[in-house]
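Below are the chains, spelled out letter by letter.
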Amino acid sequence: MTRHSTNDYGAPAPRTNKMHRPALMANHALHFISSLIVLGISAYFISAFTHNTHLRYWVGLSAADILLYTPALFLPTMKSYKGYLAPIALVFSYLWLVAFVFSSQDYNYNEGQLYNSPRGANKPGLKYTLEAFAFLAFFTNVIGFFLEARLWDVQRFKGGNTFDADKYHTAPATGNAPATV
């Protein structure tokens, strides 16, 4: 007889979809690529033009994110991985939201993008690309958070954590057992 893991109420525990881990890995890859693009554009702006704090923020955030997501690209392939990056993904999603807001303020306010971040850089295509990939990094981080949280939720019910009533049931010993009245 095959036993399935159950939750606290005796109902079958949720099972993960076969495409969950590949979807998580693809999401991490897309997030990693968008972080690389933001890092490349903002590093180019810092090296070629005068810079401000928004450029430093984008470089710092994308560099930290790349360091985090380099091993995270391959974690979903391991069966022992249970979605432990969910809290970090939630924190980074807020940081990427701030990065997107900074880029929106710099590049979409009164059409004065020539004078914002970096000053004097007449490269509207690169500026809008940075803004687009900052949003993509935010969006993929939010999706990654939900995928990681679902993986953690499903994985916490798997394994030998179920209560087996037959294991703890005490049956009377046969043979010379004293009779009770």
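The residue numbering used here restarts from 1 in each chain and proceeds along that chain's sequence as written. Side-chain atom pairs in this predicted model are given and counted only at pLDDT of 80 or more, local residue features only at pLDDT of at least 70, and totals for whole chains, interfaces and linings cover all residues. Each side-chain value is derived from all of the structure's non-hydrogen atoms; neither hydrogens nor water enter the calculation.

If you look the chain up in an unreviewed UniProt entry, it shows as MARVEL domain-containing protein from Pseudopithomyces chartarum.

Novice: Describe the packing of helix 1 (residues 20-48) against helix 2 (residues 53-72), with residues and values.
Specialist: To define axes, lines are fitted to C-alpha atoms, for helices over the stretch in contact only, and angles between the resulting N-to-C directions are given on a 0 to 180 degree scale. We count a stretch as a helix when DSSP gives it H or I for four or more residues in a row; a strand needs E for two or more, and each element gets its number in order from the N terminus. The interhelical angle for the contact between helix 1 and helix 2, taken along N-to-C directions, is 150°, at an axis separation of 8 Å. Comparing the axis directions of helix 1 and helix 2 gives the class roughly antiparallel. Helix 1 and helix 2 meet at a crossing whose hand is left-handed. Where helix 1 approaches helix 2, its residues H28, H31, F32, S35, L36, V38, L39, S42, A43, F45 and I46 are matched on the opposing element by L55, R56, W58, V59, S62, A63, D65, I66, Y69, T70 and A72. Note on residue classes: Ala, Val, Leu, Ile, Met, Phe, Trp, Tyr, Cys and Pro are nonpolar, Asp, Glu, Lys and Arg are charged, and everything else, Gly too, is polar. Among the residues forming the contact of helix 1 with helix 2, the class breakdown is 14 nonpolar, six polar and two charged. Comment on the angle field: the value is read as roughly parallel under 35 degrees, roughly antiparallel over 145, roughly perpendicular from 65 to 115, and oblique elsewhere. Throughout, a crossing is termed right-handed when the near helix is turned clockwise from the far one, and left-handed when it is turned anticlockwise from it by less than a right angle. By the convention used here, residues are in contact when the closest approach between their heavy atoms is within 4.5 Å.

Novice: Run through a nonpolar patch on the surface, naming residues and quoting values.
Specialist: Side chains of L90, Y94, L97 and V101 sit close together on the surface and give an oily, nonpolar patch of about 330 Å² of accessible area. Its place among the elements puts V101 in helix 3 (residues 86-107). A 1.4 Å probe rolled over the protein chains alone gives each residue an accessible area, and that area as a share of the maximum for its type sets the label: buried under 20%, exposed over 50%, partly exposed in between. Its relative accessible area of 36% is what places V101 among the partly exposed residues. Residues forming no salt bridge and having over 30% relative accessible area are the ones grouped into patches, like charges within 9 Å of each other and nonpolar side chains (Val, Leu, Ile, Met, Phe, Trp, Tyr) within 5 Å. Surface accessibility follows the Shrake-Rupley procedure with a 1.4 Å probe radius. Residue values consider only the protein chains on display as shielding. A side-chain nitrogen of Lys or Arg and a carboxyl oxygen of Asp or Glu constitute a salt bridge if their distance falls within 4 Å.

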